[in-house]
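Observations on the model geometry
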Amino acid sequence: MEIPTRRYPLGIQTFQKIIEENMLYVDKTELIYKMTQSYTYVFLSRPRRFGKSLLVSTLASYFRGEKDLFKGLAMEKLEKQWKKHPVIHLSLASVKEIEPKKIEECLSDRLRDIESQFGLEKKSNRLGSRLKDIIQQTVEQYGEKAVVVLDEYDAPLLNVLHDEERLKEVRQLMRTLYSPLKDCDPYLRFVFITGIS
């Protein structure tokens, strides 16, 4: 008797791809459901290659209301409403610059991509103001609170950890980007932040 085998999703960080290509997936969706129902803000720090990006991708699919992807998983039975929230996904994993000005340009590019994804007009040049505008405008567009997922929020900081002067500048730059999250609390359904430090 031949035992059917499923491929392991080695190096694959996209929930949708794993499900659609029928790869092996260990169902953690019950835990994800409990987390999203119990908290609004979650920070997860783990070393690289511990599944943070896959978790981010799974959260994004869940909050986008992609019910079909969860067929046969615990989430299918637990979630009753399947509301479609705007998911603002900002990954900083590939920001490898060390000059603060270049890092700011990379962050601006990421925000431009999100603005383009939602068909939004850029109203400000300041990073924090742009993120705040994105959150507020997507809430107006969808009629549902926004979900923000920040993957490897600390990547730009780790690149300059050895340089005290640049570290101060980059820390201030990142603070500028993230500070609106507190003010946007009424617009936020869930915020998930990952890092390795």
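For the structure itself, look to the data block above.
Cut-off values and rules
- Residues numbered from 1 in each chain as written.
- Predicted model: local features only at pLDDT ≥ 70, side-chain atom pairs only at ≥ 80, totals over all residues.
- Heavy atoms only, no water.
- Helix = DSSP H or I, 4+ residues; strand = E, 2+ residues; numbered from the N terminus.
- Buried < 20%, exposed > 50% of the residue type's maximum accessible area, 1.4 Å probe, protein only.
- Contact = heavy atoms within 4.5 Å.
- Pairing = 2+ DSSP bridges.
- Axes fitted to C-alpha atoms, helices over the stretch in contact; angles between N-to-C directions.

Turning next to unusual backbone geometry. The backbone of tryptophan 82 shows a phi angle near 50 degrees, a positive value even though the residue is not glycine. In this structure, tryptophan 82 sits in the loop between helix H4 (74–78) and strand E2 (87–91). By relative accessible area, which is 10% here, tryptophan 82 ends up buried. Its identity is not glycine, yet glutamate 152 carries a phi of approximately 55 degrees, on the positive side. Examined against the element boundaries, glutamate 152 turns out to sit in the loop between strand E3 (146–151) and helix H7 (155–159).

A few words on the environment of leucine 111. Residue placement: leucine 111 occurs in helix H5 (residues 100–118). Take leucine 111: its relative accessible area is 0%, and that puts it in the buried class. For the pair formed by leucine 111 and leucine 59, sequence separation is 52 residues and the distance between their alpha carbons is 20 Å. Residues within four places of leucine 111 in sequence aside, it is in contact with Leu127, Arg130, Leu131, Ile134 and Leu177.

It is worth spelling out the pairing of strand E1 (residues 41–45) at this point. Burial along E1 is one-sided: Val42 and Leu44 are buried, and none of Tyr41, Phe43 and Ser45, which face the opposite way, are. Bridging between E1 and strand E4 (residues 188–195) involves five bridges; their strand directions are parallel. When the sheet's bridge partners are listed, phenylalanine 43 is paired in E4 with isoleucine 193.

Now for the sheet that holds E1. Pairing is parallel across the open sheet formed by four strands, whose spatial order is E1-E4-E3-E2. Only two strands of the sheet have a single partner each, and these edge strands are E1 and E2. Each strand of the sheet is rotated relative to its neighbour by a mean of 10 degrees, with strand direction disregarded.

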